Amino acid sequence: MPAIPSQMRGVEVTAPGGPEVLAEVSLATPTAGAEEVLIRVLAAGVNRPDCLQRAGHYPVPPDASPLPGLEVAGEVVAAGEGVTRWRVGDRVVALTHGGGYAEYCVADAGHCLPWPEGLSAVEAASLPETCFTVHYNLVERGRLAAGERVLVHGGSSGIGTTAIQVARALGAEVATTAGSAAKCDYCRELGANHALNYKDGDWEEALRGIYPEGVDVVLDMVGGPYVMKNVRSLAADGRYCMIAFLMGPKAEVNFGHVLTRRLTITGSTLRTQSVAAKRAIAAAVERDLWPLVAAGRLRTHIHATFSLAEAARAHELMESSAHLGKIVLEVAPA
Ligand SMILES: NC(=O)c1ccc[n+]([C@@H]2O[C@H](COP(=O)([O-])OP(=O)(O)OC[C@H]3O[C@@H](n4cnc5c(N)ncnc54)[C@H](OP(=O)(O)O)[C@@H]3O)[C@@H](O)[C@H]2O)c1
């Protein structure tokens, strides 16, 4: 195992702004706390929240790394004295508290999972953020059960592709929205029972034609004008899970629907949850989703990879929404 260098390469947000504010710099290598591991990063997933952070719309929690990057795959190179599960040399995937866009990254030991066998570094790095978010929202908050119907917005996104596969594995029926015919085809290939091109007519009307009685769960990343449409699309005792507001966090809602059909409106962000809460999500993901990954029933689709120095290009692609699935940074050769 090579010595840990005191300096490393990482990508910094130099000022809030467009992708051009991302700059590759030399920084001090972080050190692991008592219950943390230091990971030599081989690959780091790119997620939409990284773009929001870069643009200044997603404040970094005070205890987090200021560098972007919420998930990595790599090799443990140091472990704090309180860490029992991982040893130097173990290959792990991890949900990170920022800092993934770097050669070395610290993660809580309880937020690391074993690297699924047979997956490349790029594939492994693309799993944690979407698996944690989807499991927590669909299973914990949304209580999606076999035989139920779920509407997943943004079906071709990193989150959407995972949500479609997880929902199908749970035995649910899936309807999804996406912004082109090709994206809809892709969602169907992943297992969506129905894919609605929201740029080609009113998805709410189309969904009503498919499920006149409504869906049991909505996983929504759009917000704004979708809020009332989602509320109307829910069946009695339906659950509305908000994870983002691509079209804004404000909406006028007729709460009469909530009363008459006993709806639950909920939501969450992963990043702001406590270390303990994220450890519990990690354990649930390992219990429920890792067997699906091992069986090839939950697979990751990599749309494009970039080097660390090309992080700005990765953000440009993500913000163009031209991608299907995940975008990943290749940080070091495996
Ligand atoms: N709450 C949490 O814990 C949490 C965690 C991770 C991510 N997120 C959020 O989840 C979302 C997805 O993240 P990601 O990393 O998977 O990003 P991503 O791959 O860039 O996905 C964004 C998707 O939204 C779709 N979209 C945009 N406007 C839409 C509309 N009006 N109707 C339907 N779809 C629309 C885009 O595709 P098309 O428009 O072309 O279909 C794109 O596929 C982001 O908003 C992110 O901030 C939340």
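Our structure's up above, just so we're on the same page.
Values in this document were obtained by computation on a predicted structure and should not be read as measured data. (Residues numbered from 1 in each chain as written. Predicted model: local features only at pLDDT ≥ 70, side-chain atom pairs only at ≥ 80, totals over all residues. Heavy atoms only, no water.)

Participant: Could you give an account of the overall build of the protein, with specific residues and numbers?
Facilitator: Summing up its helical and strand segments, the protein has 11 helices and 15 strands in all. For 334 residues, the compact-globule estimate of 2.2 N^0.38 gives 20 Å, and the protein sits close to it at 20 Å. Along the first, second and third principal axes, the C-alpha set of the protein runs to 60 × 40 × 35 Å. Expressed as a percentage of the 334 residues in the protein, the buried residues total 55%. When contacts within the protein are restricted to residue pairs at least 6 apart in sequence, those whose partners lie at least 24 apart make up 68%. A total of about 13800 Å² of accessible surface is found on the protein, and carbon and sulfur atoms cover 54% of it. (Helix = DSSP H or I, 4+ residues; strand = E, 2+ residues; numbered from the N terminus. Rg over C-alpha atoms; globule rule 2.2 N^0.38 Å. Buried < 20%, exposed > 50% of the residue type's maximum accessible area, 1.4 Å probe, protein only. Contact = heavy atoms within 4.5 Å. Areas by Shrake-Rupley, 256 points an atom, 1.4 Å probe, with all protein chains shown as cover.)

Participant: Before we move on, can you summarise the site of the ligand with the specific residues and values?
Facilitator: Near the ligand you find 29 residues, and of these Arg48, Gly179, Lys183, Tyr198 and His323 are the closest. Contacts to the ligand include tyrosine 198, whose side-chain N or O atom sits 2.4 Å from an oxygen atom. Contact with the protein chains covers 94% of the free accessible surface of the ligand, which is 900 Å². According to the grid-proximity analysis, the pocket containing the ligand is the largest pocket. Where the shell around the ligand is concerned, the elements lending two or more residues are α1 (48-55), α3 (128-141), α4 (158-169) and β9 (173-178). (Near = heavy atom within 4 Å. Polar contact = N/O pair within 3.5 Å; in protein donor to acceptor, adjacent residues only side chain to side chain. 1 Å grid on protein atoms, 1.4 Å probe; cavity = no way out; pocket = protein on both sides within 12 Å on 5 of 7 lines; lining within 4 Å. Sits in = over half its atoms within 2 Å of the grid points.)

Participant: If you had to explain helix α6 (residues 203-210) to someone new, which residues and values would you point to?
Facilitator: For α6, the set of buried residues is Trp203, Glu204 and Leu207. Down the axis, α6 shows its buried residues gathered within 100 degrees of arc, on one side only. Exposed side chains of α6 directed beyond 90 degrees from the buried face belong to Glu205 and Gly209. Where α6 begins, the side chain of aspartate 202 points an oxygen toward the backbone nitrogen of glutamate 204, at a separation of 3.0 Å. (Arc of directions from axis to C-beta.)

Participant: Tell me what's going on with the packing of aromatic side chains, and back it up with residues and numbers.
Facilitator: Enumeration according to the criterion identifies 1 aromatic pair in this entry. Centroid distance tryptophan 203 to tyrosine 226: 5.2 Å. Interplanar angle 55 degrees. Geometry classified as tilted. Of this pair, tryptophan 203 sits in helix α6 while tyrosine 226 sits in helix α7 (residues 226-233); the two residues are 23 residues apart in sequence, bridging distant segments of the chain. Taken individually, tryptophan 203 and tyrosine 226 each receive the classification buried, so the pair is uniform in this respect. For arginine 91, the ring lying beneath its charged end belongs to tryptophan 115, and the centroid distance is 3.8 Å. Lying across the ring of tryptophan 203, lysine 229 places its NZ or CZ 5.2 Å from the centre. (Phe/Tyr/Trp six-rings, centres within 6.5 Å; stacked < 30°, edge-to-face > 60°. Lys NZ or Arg CZ within 6 Å of the ring centre and 35° of its normal.)

Participant: Tell me about the state of the cysteines, residues and numbers included.
Facilitator: Inspection of the entire model under this criterion finds 0 disulfides. Looking at cysteine 51, it has no disulfide partner, and the nearest cysteine sulfur is the one in cysteine 105, 18 Å off. No disulfide involves cysteine 184; its sulfur sits 6.1 Å from that of cysteine 187, the nearest cysteine. On the accessibility criterion, cysteine 184 (3% relative accessible area) is buried. (Disulfide = S-S within 2.5 Å.)

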